[in-house]
Amino acid sequence: MAKWTECFGHDDIRPTSMNERSMNFFSTFTLWIAANVVITTVMTGMMFVPDISFTNAMLAIIVGSAIGAIPLALTGNIGIRTGLPTMVITRAAFGQKGAILPALVNTVILIGWSWIQAYMAGLSLNYAVHYATGYSNINLFVILTELLVVMMTIFGHRGVERIEKYISISMLLLSFLVFYKIFTTYHISTLLEIKLSKHPSVTTIIAFDIVVATAFSWMSTVCDFNRNCQSEKSGFWGTYFGYLVASIVAMGLGAVVSGFSIASNMERTYDPTILLAAYGFGLIASIVVFFSVLSTNVMALYSATMSFMNVFPRAGFWKPTLIMGIICTLGALLKEALMSHFFNFIMLIATLFIPVFAIVLVDYFLIKKGAYDAEDILFDTKGRYRYQKGVNVAAYVTYIIGAVFAYYFTYVHPLAIGSTMLTFLLSGAGYWGLMKITKQTSSRAHTVELHAPTSMEG
């Protein structure tokens, strides 16, 4: 008789061969919709109004999402070409040993986000159940939420892909229902004529920078899923348009809800469910929030496992998933303490992570001329990515400079134009310059890639 664990996923960090890939354009598109129609993205849109006008908020959201989705899709394209998870790919730029630190930091970031979002999902589920039955138990619903996340994740990427399709479609329908109810109850002129803050902390350019940063926050996970795309063309455009649609819908919903709530003299809160409840939309909003967080947490837990396996590949898939799922459950029970302390910590770490993928993109597309030896990245048989005793000093010097720049101009002396794009461009240019000076060019890594489509073929 087969062991009961055999039904679990046995995903690993080896290159995904073309005949094992299962994601077409539709599944990629819906995956990235499910990832981003989520409470934290809604909360981002809520930050903008009334510091800036609703029109400027939507302009920043649309333009920022369109631009931010480009490096996200390009990073995912590396996963499609190599078949490797994101943190394994960082070995090519940072070195076989140098990639250990980014992988461990990414694991911590993803677990932290899972804590915050599991709590938000528990709040929403508690609201829905209390609305229907009168019963309330936030701790219980936080635990049940994370239990569902573990059950969905433990079956591997095919289970994730399958469930995300249905969740994404449901979330879009529910989101548009919320939009419909709001705009058939209130006139859009209320939003357009809203009185702006006298002392705004967010400008239009800062809002744009925040929107771009939100797209960058997904770059550490994108290859974990896009390595399963069947072609470059469908994977690239599925990622780009999936993220774009989701970001506009979720942040736009946040801006709309915040604007109407302020116009109605309601108290601002980080939970849009509470705001929508005053309009009679609380139950719908709670369902949207719950399923959106559920889908995003599944992706976060899956990627946390992939990052962990980059450092400890012999651990297997389902055991780390189960252990980290338990950690996520316990952390989410900290509840309000997460929002006041750990949220800021995770935002800080995520900001300092931006230079990592500027380095990766420049290394792949400019230094290594768009090609990696996937087998050597994974098994280190030819030594093309060992650099200086397993660490690429140029990458680490660039990262330190970029991280210090990001920290200083985000938290110590914030720039009027934001620091996300500047950090990204500075890190990319700095890495390219150091690699040219040290003569570490494409000659060091002639490629052996999978039989993946080239030149964006379909």
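The model shown is predicted, which means the values in this text are computed figures rather than measured ones.

## Thoughts on the overall build of the chain
Then comes step 1: What the chain contains, in helices and strands, is 19 helices and zero strands.
Then comes step 2: Sorting the 458 residues of the chain into buried and exposed places 58% on the buried side.
Then comes step 3: Of all intrachain contacts in the chain linking residues separated by at least 6 positions in sequence, the fraction that spans at least 24 positions is 87%.
Then comes step 4: Carbon together with sulfur atoms contributes 68% to the accessible area of the chain, which is approximately 18,500 Å² in total.

## Some words on the packing of helix α16 (residues 354-367) against helix α18 (residues 393-412)
Then comes step 1: Viewed as axis vectors pointing N to C, α16 and α18 meet at an angle of 140 degrees, and their least axial separation amounts to 8 Å. Taken together, the axes of α16 and α18 lie oblique to each other. For the element pair α16 and α18, the recorded crossing hand is right-handed. In contact with Pro355, Val356 and Ile359 of α16, α18 contributes Ala395, Thr398, Tyr399, Gly402 and Ala403.
Then comes step 2: Its residues assigned to classes, the contact of α16 with α18 comprises six nonpolar, two polar and no charged.

## As for the environment of Leu147
Then comes step 1: Within the element layout of this structure, Leu147 appears in helix α6 (residues 138-153).
Then comes step 2: Each C-alpha atom, one on Leu147 and one on Thr329, is 7.8 Å from the other, the two residues being 182 residues apart in sequence.

## Quick look at the nonpolar core
Then comes step 1: Counting 134 residues, the largest nonpolar core has Phe48, Phe94, Met299, Tyr372 and Tyr431 as the members making the most contacts within it.
Then comes step 2: Ranked by residue count, the leading element in this core is helix α13 (residues 282-311), at 15 residues.

## A look at the pattern of salt bridges
Then comes step 1: The full count for this structure, using the stated rule, is six salt bridges.
Then comes step 2: Across the pair Arg81 and Glu232 runs a salt bridge, and its minimum N-O distance is 3.1 Å. A residue pair is termed long-range when its members are at least 10 positions apart, and Arg81 in helix α3 (residues 54-82) and Glu232 in helix α11 (residues 232-263) qualify at 151 residues.
Then comes step 3: Residue Asp373 is joined to Lys382 by a salt bridge in which the shortest nitrogen-to-oxygen separation is 3.0 Å.
Then comes step 4: Of the residues examined, Asp373 reaches a relative accessible area of 0% and is grouped as buried.
Then comes step 5: Members of the salt-bridge network, linked through shared partners, are Asp373, Lys382 and Arg384.

## Quick notes on the confidence of the model for the chain
Then comes step 1: Chain-level statistics for the chain give a pLDDT mean of 84 and a share of 88% at 70 or above.
Then comes step 2: Taken as a whole, residues 451-458 scores under 50 in pLDDT and shows 19 contacts with residues more than four places along the chain or in a different chain.

## Looking at the side chain of Ser220
Then comes step 1: Tracing the sequence through the fold places Ser220 in the loop between α9 (204-216) and α10 (222-226).
Then comes step 2: Here Asn106 takes part through its side chain, which lies 2.9 Å from a polar atom of the side chain of Ser220.
Then comes step 3: Residues contacting Ser220, with those up to four places away along its chain left out, are Thr86, Met87, Asn106, Phe353 and Phe357.

## Considerations on α13
Then comes step 1: Here α13 is 30 residues long and its end C-alpha atoms lie 43 Å apart, about the 44 Å a rise of 1.5 Å per residue gives.
Then comes step 2: For α13, a buried count of 26 out of 30 residues is recorded, marking the element as mostly surrounded by other parts of the structure.

## What about the layout of surface pockets?
Then comes step 1: Looking at the second largest pocket, its volume works out to about 300 Å³.
Then comes step 2: If you trace the second largest pocket, you find 15 residues lining it, with Asp11, Asp12, Thr16, Glu20 and His157 closest to the centre.
Then comes step 3: Partitioned by chemical class, the residues of the lining of the second largest pocket number three nonpolar, six polar and six charged.

## Focus on the side chain of Asn126
Then comes step 1: Along the chain, the position of Asn126 falls in helix α5 (residues 100-133).
Then comes step 2: Here Asn126 falls in the buried class, since its relative accessible area comes to 8%.
Then comes step 3: In terms of polar contacts, Asn126 uses its side chain to reach the side chain of Ser136, at 3.1 Å.
Then comes step 4: Residues within four places of Asn126 in sequence aside, it is in contact with Tyr135, Ser136, Asn137, Ile138 and Phe141.

## With respect to unusual backbone geometry
Note: most residues except glycine have negative phi, and most peptide bonds are trans.
Then comes step 1: Along the chain, Val49 connects to Pro50 via a cis peptide bond; the corresponding omega equals 15 degrees.
Then comes step 2: Positive phi values are uncommon outside glycine, yet Lys369 reaches one of about 55 degrees.
Then comes step 3: Tracing the backbone through its elements, the reader meets Lys369 in the loop between α16 and α17 (374-379).
Then comes step 4: A positive phi angle, near 55 degrees, is found at Lys389, a position not held by glycine.
Then comes step 5: Structurally, the position occupied by Lys389 is in the loop between α17 and α18.
Then comes step 6: Taking the relative accessible area as the measure of exposure, Lys389 reaches 80% and is therefore exposed.

## Some remarks on the packing of aromatic side chains
Each aromatic ring pair is characterised by the separation of its centres together with the angle its planes make.
Then comes step 1: Under the criterion given, the structure shown has 25 aromatic pairs.
Then comes step 2: Each ring, one from Phe236 and one from Trp237, has its centre 4.9 Å from the other, and the planes form 85 degrees; the classification is edge-to-face.
Then comes step 3: Judged by relative accessible area, Phe236 falls into the buried class, the value being 10%.
Then comes step 4: Taken together, the aromatic side chains of Trp32, Trp218, Phe225, Tyr302 and Phe317 make up a single cluster linked through ring pairs.

Cut-offs used in this document
Residues numbered from 1 in each chain as written. Predicted model: local features only at pLDDT ≥ 70, side-chain atom pairs only at ≥ 80, totals over all residues. Heavy atoms only, no water. Helix = DSSP H or I, 4+ residues; strand = E, 2+ residues; numbered from the N terminus. Buried < 20%, exposed > 50% of the residue type's maximum accessible area, 1.4 Å probe, protein only. Contact = heavy atoms within 4.5 Å. Areas by Shrake-Rupley, 256 points an atom, 1.4 Å probe, with all protein chains shown as cover. Axes fitted to C-alpha atoms, helices over the stretch in contact; angles between N-to-C directions. Parallel < 35°, antiparallel > 145°, perpendicular 65-115°, else oblique. Left-handed = near helix turned anticlockwise from the far one by under 90°. Nonpolar A, V, L, I, M, F, W, Y, C, P; charged D, E, K, R; others polar. Core = buried A, V, L, I, M, F, W, Y, C linked by side-chain atoms within 4.5 Å. Salt bridge = Lys/Arg side-chain N within 4 Å of Asp/Glu carboxyl O. pLDDT = per-residue confidence, 0-100. Polar contact = N/O pair within 3.5 Å; in protein donor to acceptor, adjacent residues only side chain to side chain. Expected span 1.5 Å × (residues − 1). 1 Å grid on protein atoms, 1.4 Å probe; cavity = no way out; pocket = protein on both sides within 12 Å on 5 of 7 lines; lining within 4 Å. Points joined across faces, edges and corners; volume = space filled by probe spheres on them. Phe/Tyr/Trp six-rings, centres within 6.5 Å; stacked < 30°, edge-to-face > 60°.

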